[in-house]
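So you can see what is in the structure, the chains are spelled out below.
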Amino acid sequence: MRSKLITASTLLCVLAPMAVAQSAMDRAAAAAGAAVDTDSTFQDGKINEVVTPFETSNPNEAGMSHTSFEDRILQMRDADNNQGRVLRATEDSAEIRPDVDIDGQGELFDDANWAHENADDIAGQYFTSESGSCTTPDVPVSNIRDEFCESLPRRQNHTCELIRNIWVDRTDRYRCDKRAASFVKVCEKVSSYSCNVNTNANACISRKVRFEGGDVTWNGNEATISLPEPDQKPAAPIHWQSPDLTAYATLAKHEFSISFSDRFQPSSVMLKTVTAGGPVQIIGDDGRPITTVASSIISTFGNPTGMWSQYFPVNSEDGLLVPMTAWHDRGSGVQAWLEAWIVKFPLSVDCQFAPYCNHRIDYNATSNVFESGWDIGRDAPVEWALRWVTNYSVYANVVHNTSVTRNVLRFLELEHFTETNPAGAERFRENRMTARVVYNNATPANGAAQLTFEFEGACCDSFTDTGSETCE
């Protein structure tokens with residue numbers, strides 16, 4: 001069936017107008033005679049077979065005979081539509097188009113093949129390793145491609161010598177002045193010093209910060225002062241229903257100091273950790289608490305209620321840490337409770353049953369403990385009552401705080417020199433502090449404490465005079 005389609009197309013392309021000498025029928029017959037033999041294809045049996053990939057049961061040309069094809073072509077040629085105009089233009093082009101005979105073995109193809117095969121030699125006449133490069137890859141002649149070449153300018157190297165002759169004339173003139181044997185010399189010196197650090201900044205700080213009141217160990221810029229355990233105190237009367245006891249709450253007051261050299265300018269001083277065998281309160285040089293710590297705090301502390309609430313502290317820095325042995329019946333019989341209190345106002349003492357004295361908060365006091373300068377005056381203060389009521393001053397139970405270690409991270413405002421005299425003697429400024437530890441007198445080791453401080457700032461071991469002097 002493919003042969004049929006080609007033959008039909010050939011017939012349509014070679015038809016010519018009626019005005020020429022040869023008739024359309026003659027030209028069609030000549031074209032049909034030159035076509036491929038289709039006798040084996042155009043048979044009644046073959047015509048009715050399905051053509052792949054086209055299939056139709058009723059094509060437009062099915063009812064036409066071979067004698068009506070010419071009439072159909074004439075109708076198409078005379079029609080005033082696109083199909084007619086295309087057919088007429090095709091036939092006219094076929095008539096006037098000149099014939100071109102291209103000889104594949106002619107000189108044109110011989111020259112082109114030779115230029116392709118000898119491209120490297122041709123380009124090499126104009127481009128060398130010194131003047132540039134041009135590559136001619138091995139590709140078929142039929143591929144159209146662009147080639148790029150580089151051409152370098154010709155270079156020449158020249159060496160020149162420049163010789164200069166220079167003459168110098170020197171003329172010296174001298175003048176002599178006579179100065180008196182005695183004259184006044186005025187000098188001015190600009191003071192300037194450079195800081196010297198012998199080893200490193202941390203070692204310098206350890207030499208320019210002094211502690212007193214305990215043993216000190218340094219680790220970098222951190223110093224730990226160990227405050228010693230106190231001696232055990234004698235047995236004390238607690239209540240007439242009990243013999244004298246050595247197991248009572250008591251206070252260890254560790255006084256220590258931190259001094260800064262004028263060669264050290266601290267930018268920050270931090271109290272990092274506190275370790276003790278009981279609740280601890282650190283008091284600054286101004287007599288005010290810096291921090292108070294315990295591992296277990298009574299839940300009612302700091303939450304006073306009732307008509308006397310103004311006499312109780314609202315936080316651990318609102319009063320002084322004091323020991324107290326409370327003789328109470330709190331539901332399990334009368335016994336001694338070893339406690340640490342924080343008192344906002346002074347305690348009154350009633351010794352009408354001496355040697356047994358009873359301590360109570362003085363609700364008639366008009367000044368708090370910081371304003372009055374009050375402090376506990378007994379080693380074994382006792383508080384007892386017929387009926388126990390909630391005391392909002394109770395800070396912690398000593399029995400539950402035999403091992404206290406807290407990271408407090410508290411920055412301190414300590415006195416220090418803001419200026420130094422490099423040419424003068426070294427000076428130190430002292431800051432006195434107190435660590436108050438409430439502990440069980442039966443275990444005096446619990447009265448010891450350790451405090452770790454961290455120091456930051458500029459430090460100099462010595463100074464070098466770098467000033468200059470000018471005289472007239």
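Keep in mind it's a predicted model, so treat the numbers as computed, not measured.

Calculation criteria
Residues numbered from 1 in each chain as written. Predicted model: local features only at pLDDT ≥ 70, side-chain atom pairs only at ≥ 80, totals over all residues. Heavy atoms only, no water. Helix = DSSP H or I, 4+ residues; strand = E, 2+ residues; numbered from the N terminus. Buried < 20%, exposed > 50% of the residue type's maximum accessible area, 1.4 Å probe, protein only. Areas by Shrake-Rupley, 256 points an atom, 1.4 Å probe, with all protein chains shown as cover. Expected span 1.5 Å × (residues − 1). Arc of directions from axis to C-beta. Polar contact = N/O pair within 3.5 Å; in protein donor to acceptor, adjacent residues only side chain to side chain. Patch = residues over 30% accessible without salt bridge, like charges linked within 9 Å, V, L, I, M, F, W, Y side chains within 5 Å. Salt bridge = Lys/Arg side-chain N within 4 Å of Asp/Glu carboxyl O. Lys, Arg positive; Asp, Glu negative; His and termini not counted. Charge placed at Lys NZ, Arg CZ, Asp CG, Glu CD. Disulfide = S-S within 2.5 Å. Core = buried A, V, L, I, M, F, W, Y, C linked by side-chain atoms within 4.5 Å. Contact = heavy atoms within 4.5 Å. Pairing = 2+ DSSP bridges. Axes fitted to C-alpha atoms, helices over the stretch in contact; angles between N-to-C directions. Parallel < 35°, antiparallel > 145°, perpendicular 65-115°, else oblique. Nonpolar A, V, L, I, M, F, W, Y, C, P; charged D, E, K, R; others polar.

**Q** Looking at this model, I keep getting lost on the overall build of the chain. Mind explaining?
**A** Across its full length, the chain holds nine helices and 22 strands. By residue count, 32% of the 472 residues in the chain fall in the buried class. Of the accessible surface of the chain, which amounts to about 31,300 Å², a share of 49% is contributed by carbon and sulfur atoms.

**Q** Before we go on, may I ask you to explain helix H5 (residues 82–96) in this structure?
**A** An α-helical turn contains 3.6 residues, so a residue and the one three or four places further along point in the same direction. Spanning 15 residues, H5 covers 21 Å between terminal C-alpha atoms, matching the ideal 21 Å at 1.5 Å per step. Listed in full, the buried residues belonging to H5 are Gly84, Leu87 and Glu91. The arc that holds the buried residues of H5, viewed along the axis, is 65°, so those residues lie on one side. Summarising the geometry of H5, the exposed residues directed more than 90 degrees from the buried face are Asn82, Val86 and Ile96. N-cap assignment for H5: the residue whose side-chain oxygen lies 3.3 Å from the backbone N of Gln83 is Asn81.

**Q** Sorry if this is basic, but what is going on with a negative patch on the surface here?
**A** On the surface, a cluster of negative charge is contributed by Asp103, Glu107, Asp110 and Asp111. The residue Glu107 is located in helix H6 (residues 107–117) in this model.

**Q** Quick question: what am I supposed to make of the state of the cysteines here?
**A** Any covalent bond linking the sulfur atoms of two cysteines counts as a disulfide. Applying the stated criterion across every chain, the model contains four disulfides. Between the sulfur atoms of Cys187 and its disulfide mate Cys471 the distance is 2.0 Å. Taking the sign of the S-S torsion, 105° for the link of Cys187 and Cys471, the bridge is right-handed. Of this pair, Cys187 sits in strand S3 (residues 187–190) while Cys471 sits in strand S22 (residues 468–471), and the two are 284 residues apart along the sequence.

**Q** Explain the nonpolar core to me, please; I cannot follow it from the model alone.
**A** For soluble globular proteins, the rule of thumb is that nonpolar side chains tend to be buried together. By size, the foremost hydrophobic cluster in this structure holds 33 residues, and its most contacted members are Phe256, Ile258, Leu451, Phe453 and Phe455. The residues contacting Phe455, other than those within four sequence positions of it, are Ile205, Val209, Phe211, Trp218, Asn221, Ala223, Ile258, Phe260, Phe264, Ser268 and Val269. By size, the runner-up hydrophobic cluster in this structure holds 30 residues, among which are Phe301, Leu320, Leu321 and Phe370.

**Q** What's the story with the side chain of His254 in this structure? I'm lost.
**A** Tracing the sequence through the fold places His254 in strand S8 (residues 249–261). Owing to a relative accessible area of 9%, His254 belongs among the buried residues under this scheme. Of the polar contacts made by the side chain of His254, one reaches the backbone oxygen of Gly447; its length is 2.7 Å. If sequence neighbours within four positions are ignored, His254 has contacts with Leu227, Pro228, Met433, Thr434, Ala435, Val437, Gly447 and Ala448.

**Q** For this particular structure, what's the right way to read unusual backbone geometry?
**A** Among all residues except glycine, the phi angle is most often negative; among peptide bonds, the trans geometry is most common. Omega for the peptide link from Ala354 to Pro355 comes to 10°, which places this bond in the cis form. Relative to the helices and strands, Pro355 resides in the loop between strand S14 (347–353) and strand S15 (356–361). You will see that Leu409, though not glycine, has its phi angle at about 50°, which is positive.

**Q** Is there a simple way to think about the sheet that holds strand S5 (residues 209–212) in this case?
**A** Reading across from one edge, S5-S8-S19-S10-S11 is the order of the five strands in this open sheet, with antiparallel pairing throughout. The open sheet has two edge strands with one neighbour each: S5 and strand S11 (289–293). Neighbour-to-neighbour, the strand axes of the sheet open up by a mean angle of 20°, direction not taken into account. When strand S10 (residues 280–283) meets strand S19 (residues 428–440), the two strands line up antiparallel, connected through four bridges. Directly across from Ile283, in S19, lies its bridge partner Thr434. The strands touched by helix H8 (residues 201–208) are S5, S8 and S19; relative to S5, the strand with the most contacts, the crossing angle is about 45°.

**Q** Would you take a moment to explain the sheet that holds strand S17 (residues 394–397) for this structure?
**A** Consider a sheet: its strands pair through backbone hydrogen bonds, and that pairing is either parallel or antiparallel. The strand order S16-S12-S13-S17 describes an open sheet built from four strands, whose pairing is mixed. The open sheet terminates on both sides in strands that have one partner only, identified here as strand S16 (382–384) and S17. Neighbouring strand axes in the sheet, compared pairwise and without regard to direction, differ in orientation by 40° on average. Here strand S12 (residues 320–329) pairs with strand S13 (residues 334–343) via ten bridges, running antiparallel. Counted as the bridge partner of Asp329 is Val334 from S13.

**Q** How do you make sense of the environment of Ala336 when you look at a structure like this?
**A** Of note, Ala336 is situated in strand S13. We classify Ala336 as partly exposed; its relative accessible area is 25%. Sequence-distant contacts of Ala336, that is, excluding residues within four places in its chain, are made with Thr325, Ala326 and Trp327.

**Q** Can you walk me through the packing of helix H4 (residues 69–78) against H5 in this structure?
**A** Packed helices, taken two at a time, are described by the angle their axes make and the gap between the axes. Direction vectors running N to C along H4 and H5 enclose 100°, while the axes themselves pass 6 Å from each other. Viewed along their axes, H4 and H5 adopt a mutual orientation that is roughly perpendicular. Here Ile73, Met76, Arg77 and Asp78 of H4 lie close against H5, whose contacting residues are Gln83, Gly84, Leu87, Arg88 and Glu91. Looking at side-chain class alone, the contact of H4 with H5 contains three nonpolar, two polar and four charged residues.

Any functional reading would require information beyond the geometric quantities listed.
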